[in-house]
Amino acid sequence: MGQRDTRMKMAFLAAVAAGLAAFAPLSVAAQDAAPAPVAAEAGQVEGAQTAPGPEALPGNLTPTEAAAAPAAEGAYTPMAPTKGKGMPTSYEDDPLKSMTFQDQYSANGEYALWMHDWILMPVITAISLLVLGLLLYVVVRFNRRRNPVASRTTHNTTIEVVWTILPVIILVMIAVPSITLLARQYETPPADAVTIKATGYQWYWGYTYPDHGEIEVVSNMLDEAEALKRGEPGQLAVDNRMVVPAGVPLRIQTTASDVIHAFAVPSLWFKMDAVPGRLNEKLLTIPEPGVYYGQCSELCGARHAYMPIAIEALPPAEFAAWVKAQGGSMPGEAEAAAPAAEETAAPEQVAALTAR
Ligand SMILES: [Cu+2]
């Protein structure tokens, strides 16, 4: 988040915060206990079901170096998250921030946050104060003692016009950015967007990459102690993340295999239902590399609270290295590899491959 001015919101929440200060021991997240990020160490992804031998990865390889050697098997090391980015803030760390939106890392998110901070909050505050003021004025000025003879007025054209036109103008002013945001959220992904399909299961997520040789990633929540050990937020970290390229339009598709789930990542302003038998699709562009955490947001059964989402956005070159490490292929490579596949694969498999 760049220059977002939070002073207005700070002032608004200060009174609330003062009241809540009495409940200081409230713990929002257990991130404090996290040691220094250790994700750069080797052996992090021993749970990876598709990655070939991560233990073969040299422990001193930085992500940049790993990207420089994309052909190296298992060149991917999970990125260490940045505290406060793409994750909730605990009350102990920042009481005000723990009560409001997470910092936004997508264009839609920044727009929505701007709308909340500069339209919703000021308008709600102004209207509430105006109505309260009018009420108090009427109570004081027109009570029976101070105003024994009540007015017989039944009609005043000027007042009628004012209290009709003014709210109309206010509503139109709110409607313009509101409908703009709605339209942006429905924007169709461009034809060359990278497709990633997220499937909700009771109770974990599966990610498939149809453009990259059908890589499949199964993503289960990490045990809280293990997450904290790795420098990740508790109950949000996963064994295998949904890795995506940063700065590139993504076509996120959601579906479910059992009951309705919802794929939601607050810091990217992204939420979409995952419905069995149905494929939902939405555009997502993540400008900055980073780790962004989310959760299933549709009550889906006993372990609904334990199917978090972790998106890792990598620079495109590092994403390509990750694809290789998973045994997948980049678009365009598939055609080059096709003749070789023809020799070994059954004809119906080749037909299925070329039909895509
Ligand atoms: Cu769910």
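Please read these numbers as outputs of a predicted model, since none were measured by experiment.

**Points about the pairing of strand β6 (residues 261–265)**
So, point 1. Most of β6 is tucked away: four of the five residues are buried.
So, point 2. The antiparallel pairing of β6 with strand β7 (residues 270–274) creates a hairpin that spans four residues between the two strands, and Trp 269 there sits at a positive phi of about 50 degrees.
So, point 3. Note: β6 against strand β9 (residues 290–296), two bridges, orientation antiparallel. Among the inter-strand pairings, Phe 263 is bridged to a residue of β9, identified as Cys 296.

**So, the nonpolar core**
So, point 1. Membership of the largest hydrophobic core comes to 49 residues, with the highest contact counts inside it found for Ile 196, Met 242, Val 244 and Ala 310.
So, point 2. Look past the residues within four positions of Ala 310 in its chain and what remains in contact with it is Leu 236, Ala 237, Val 238, Arg 241, Met 242, Val 291 and Tyr 293.

**Some words on the sheet that holds strand β4 (residues 242–245)**
So, point 1. One open sheet holds the five strands; their spatial order is β4-β10-β9-β6-β7, and the pairing between them is mixed. Since the sheet does not close on itself, it has two edges, and those belong to β4 and β7, each with one partner. Going from strand to strand, the sheet's axes swing by 25 degrees on average, the running direction of each strand aside.
So, point 2. Relative to strand β10 (residues 308–314), β9 runs antiparallel, the two being bridged by six bridges. In the strand pairing of β10, Tyr 292 is matched with Ile 311.
So, point 3. Against the sheet, helix α6 (residues 316–325) touches β4 and β10, its axis set at about 135 degrees to β4.

**Looking at the confidence of the model for the chain**
So, point 1. Model confidence for the chain is summarised by a mean pLDDT of 80, while 72% of its residues fall at 70 or above.
So, point 2. The least confident element of the chain is helix α2 (residues 63–68), whose mean pLDDT is 43; the most confident is β6, at 97.
So, point 3. Low pLDDT, under 50, characterises residues 338–347; the predicted model gives this stretch five contacts beyond four residues in sequence or across chains.
So, point 4. The low-confidence segment residues 352–356 (pLDDT under 50) makes two contacts with residues lying over four places distant or belonging to another chain.

**Examining the pairing of β7**
So, point 1. Bridge count for β6 against β7 is five bridges, and the pairing is antiparallel. Residue pairing across strands places Phe 263 opposite Met 272, the latter belonging to β7.

**Some remarks on helix α4 (residues 157–185)**
So, point 1. If you check α4, its first and last C-alpha atoms are 42 Å apart, about what 29 residues at 1.5 Å a residue would give, namely 42 Å.
So, point 2. Of all the bends in α4, the greatest reaches close to 25 degrees and is centred on Ala 175; the proline Pro 177 follows between one and four positions later.
So, point 3. In terms of burial, α4 is a largely surface element, zero of the 29 residues being buried.

Conventions and cut-offs
Residues numbered from 1 in each chain as written. Predicted model: local features only at pLDDT ≥ 70, side-chain atom pairs only at ≥ 80, totals over all residues. Buried ≥ 20, exposed ≤ 12 C-beta atoms within 10 Å, placed from the backbone. Helix = DSSP H or I, 4+ residues; strand = E, 2+ residues; numbered from the N terminus. Pairing = 2+ DSSP bridges. Core = buried A, V, L, I, M, F, W, Y, C linked by C-beta atoms within 7 Å. Contact = placed C-beta atoms within 7 Å. Axes fitted to C-alpha atoms, helices over the stretch in contact; angles between N-to-C directions. pLDDT = per-residue confidence, 0-100. Expected span 1.5 Å × (residues − 1). Bend = angle between axes of the 7 residues up to and from the residue.

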